[in-house]
Amino acid sequence: MRVCEVTGGNRVGRRAAIVLLPAAVFAAVSPLVAGDGEMGFTNYYFTDSGANKVVTTSFNLARKLLEQTTLLLDIELDHVTVPPITAVTGASRPQRDKSQPFEKSRGQVILGMEQGIGQNLTVAASFYRSQEVDYISTSAVGTVSLDMFRKNTTLTLRGQYNADKVGKILESGDVYNQNKFVYTGAVDLTQVLSPTTVMDLAYDVVRLKGLLSDPYLQVGVIDDAGGSVLVDELHPGTRTRHAGTARLSQYIPGIRASLIGSYRYYWDTWYVKSHTAELKLNKYITKDLVFGVDYRYYTQTGSWFYQPAYAGTGYTESLYRTVDYKLTPFSSNNFGLSLSFMLRGLGAPGSDFEFLENSSIELTYFRYFNTLDFSADIVQFAVKFSI
Amino acid sequence: MGAAGFMKTFTMRAAAAAVLAAVAAGLGGCAVVKAADRGYLAEPIMERQDHFSKQTLAQKFFSSREGSIGGASGIGGGCGCAK
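Thresholds, definitions, all that
Residues numbered from 1 in each chain as written. Chains lettered and ligands numbered in written order. Predicted model: local features only at pLDDT ≥ 70, side-chain atom pairs only at ≥ 80, totals over all residues. Helix = DSSP H or I, 4+ residues; strand = E, 2+ residues; numbered from the N terminus. Buried ≥ 20, exposed ≤ 12 C-beta atoms within 10 Å, placed from the backbone. Contact = placed C-beta atoms within 7 Å. Pairing = 2+ DSSP bridges. Nonpolar A, V, L, I, M, F, W, Y, C, P; charged D, E, K, R; others polar. pLDDT = per-residue confidence, 0-100. Core = buried A, V, L, I, M, F, W, Y, C linked by C-beta atoms within 7 Å.

Peer 1: For this particular structure, what's the right way to read the overall build of chain B?
Peer 2: Across its full length, chain B carries two helices and zero strands. Going through the 83 residues of chain B one by one, you find that 31% of them count as buried.

Dropping the structure here:
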């Protein structure tokens, strides 16, 4: 596979296509879903202190085909810009043309079907495919969901298999691919505790095999002669991740607000452990306008093979080494603000705009920063129709 | 994996299964809330997941910036983010 360089006019064209293509699909499909269904259109802008930029546009549709049969479709397009390499080990991007920004686009499609069986059982199957110049992911997902105790309890089991191609763009422009396989099992339990309280418990286990390091990252190693050499990262070829999450959602009728708190504990076979705590408050400002404020704290340990510096010839050969900051100990904070406008006031039953009854527009802003001097700003704009 | 490692893994999995079974059994004893009384829980501000949760994009960002993922359902694979 050859790399398509994105320059000048066609760069603008691609950016425009990323925003406009899903909008065109959205407009084209709208008349087809006059009936039971949900549609969403989301734009997502991301910049960080490393001058990386991501623009994402997504369109999704859930269309009821029969009484208990629903078609699921999700299309997502990304455009990523990574700045020129300024450090020795560089960012996660090809060394090729390293004085220029590296740009690439990514497309993703998820196609699925959900089938109800009786009153309390739902099964779903989805096929997933994403492609970018140096990464291809193909995945199949199966889900079984069972309602119990008069729908006060829902138990969901999910299995997923990924077969990914992890590419590296070489100096010649060719792409060298290596395999990565991911097996995921998950169980989620939702329990209604009272007319205003609901609890969620979840556990995931993920087994990864294959190339688990970043093909672009290089580690500086001090050899036995005292010199410094650059070698590719080397991570173990397998990893098993575990994560458990508990979430409690409380509606507060007196002030027309909700308070949602969650805690997650994570551990894996590379000895990375993490704690995540999050608290969110949503409050009706008017009948149709909701203000949300969110805080998330995250802390993790480093992997067993992470070192601030590597010395010894063994690290230029078979000993594991990394410069991936995601395998170092750090903490992060994330603050979010959101404003949602419900369009139900415009969709009186029987009117031409009845389809707006369960629709909304939402603007979200996140500010993220961590103890490694990294920060990011994320803006998300979403339109959701339930028709 | 040695015998000690196998026993440790087996014990952990058995403990996890026991906790889940106990939780499931315990939930049967929870007070049942009738469908007509669940209006507050259906409010949009309770953020119950629909087919395509808005959490997906936030989770995608965190999974590309932090060393731990999982614990919340979602589709994985290439993330199209500047790692």
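Peer 1: Can you walk me through the overall build of chain A in this structure?
Peer 2: If you tally the helices and strands in chain A, you get one helix and 19 strands. Taking all 387 residues of chain A together, 30% fall into the buried category. Expressed as a percentage of contacts within chain A between residues at least 6 apart in sequence, the contacts between residues at least 24 apart total 57%.

Peer 1: I keep staring at the pairing of strand β17 (residues 330–342) of chain A and nothing clicks. Help me out?
Peer 2: Consecutive side chains along a regular strand alternate between the two faces of the sheet. All names here are of chain A. Where strand β15 (residues 289–300) lies against β17, 12 bridges are found, and the strand directions are antiparallel. Bridged to Thr299 within β17 is Ser331. Bridge count for β17 against strand β18 (residues 360–370) is 11 bridges, and the pairing is antiparallel. Pairing of Ser338 across the sheet is with Thr364, part of β18.

Peer 1: Explain the interface of chain B and chain A here, please?
Peer 2: Where interface size is quoted, it is often the accessible area lost as the parts come together. Chain B puts 38 residues into the contact, and the matching count from chain A is 76 residues. Those elements giving two or more residues to the side of chain B that touches chain A turn out to be α1 (3–27) and α2 (55–65) of chain B. Of the residues in the side of chain B that touches chain A, the class split is 19 nonpolar, 11 polar and eight charged.

Peer 1: Hey, could you run me through the confidence of the model for chain B in this one?
Peer 2: As a note on interpretation, predicted positions should not be read in detail where pLDDT is low. Within chain B, residue pLDDT values average 62, and 35% of them lie at 70 or more. Below pLDDT 50 for its whole length, residues 73–83 of chain B participates in 44 contacts with residues either more than four positions away or in separate chains.

Peer 1: Honestly, the sheet that holds strand β16 (residues 310–311) of chain A in this entry has me stumped. Any pointers?
Peer 2: Paired through backbone hydrogen bonds, the strands of a sheet run either parallel or antiparallel to each other. All names here are of chain A. Ordered by their spatial adjacency, three strands build an open sheet running β11-β10-β16, and the pairing between neighbours is mixed. Edge positions in the sheet fall to β11 (228–232) and β16, since each has one partner strand and no second. With two bridges connecting them, strand β10 (residues 218–222) and β16 associate as parallel partners. Note that in β16 the partner of Val221 across the bridge is Tyr310.

Peer 1: What is the right way to read the confidence of the model for chain A from this model?
Peer 2: All names here are of chain A. Within chain A, residue pLDDT values average 85, and 87% of them lie at 70 or more. No element of chain A has a lower mean pLDDT than helix α1 (residues 8–29), which averages 52, and none a higher one than strand β14 (residues 273–284), which averages 96. Contacts from residues 1–10, a stretch scored under 50 in pLDDT, to residues over four places away or in other chains number nine contacts.

Peer 1: I would appreciate a short explanation of the nonpolar core in the present structure.
Peer 2: Nonpolar side chains in soluble globular proteins tend to end up buried together. Counting 12 residues, the largest nonpolar core is built from Tyr44, Phe46, Val54, Val80, Val82, Phe102, Phe366, Tyr368, Ala376 and Ile378 of chain A together with Ala58 and Phe61 of chain B. Of all the elements in the fold, those that place two or more residues in this core are β1 (37–48), β3 (69–82), β18 and β19 (375–386) of chain A together with α2 of chain B. Contact partners of Ala376 of chain A, with chain neighbours within four places excluded, come to Phe46, Thr47, Asp48 and Tyr368 of chain A.

Peer 1: Help me out: how do you make sense of the environment of Ile378 of chain A in this one?
Peer 2: Residues and elements named next belong to chain A. Inspection of the secondary structure assignment puts Ile378 in strand β19. You can call Ile378 buried: it has 20 C-beta atoms within 10 Å. The sequence separation of Ile378 and Leu208 amounts to 170 residues, and the corresponding C-alpha distance is 29 Å.

Peer 1: Quick question: what am I supposed to make of the environment of Gly173 of chain A here?
Peer 2: Tracing the backbone shows Gly173 of chain A in the loop between β7 (153–169) and β8 (175–194). Once the C-alpha coordinates of Gly173 of chain A and Pro94 of chain A are considered, the two residues, 79 residues apart in sequence, prove to be 9.6 Å apart.

Peer 1: Hey, could you run me through the environment of Gln300 of chain A in this one?
Peer 2: Residues and elements named next belong to chain A. In this structure, Gln300 sits in strand β15. Exposure remark for Gln300: the 22 C-beta atoms within 10 Å place this residue in the buried category. Sequence spacing of Gln300 and Thr56 is 244 residues, and the spatial spacing of their C-alpha atoms is 28 Å.

Peer 1: I tried to follow unusual backbone geometry on my own but got confused; where do I start?
Peer 2: What you tend to see is this: most non-glycine residues have negative phi, and most peptide bonds are trans. Residues and elements named next belong to chain A. For Phe149, which is not glycine, the phi torsion reads 50 degrees and is therefore positive. Position of Phe149 relative to the elements: it lies in the loop between β6 (135–148) and β7. Of note in the backbone geometry, Lys151 takes a positive phi value of approximately 65 degrees without being a glycine. One can find Lys151 in the loop between β6 and β7.

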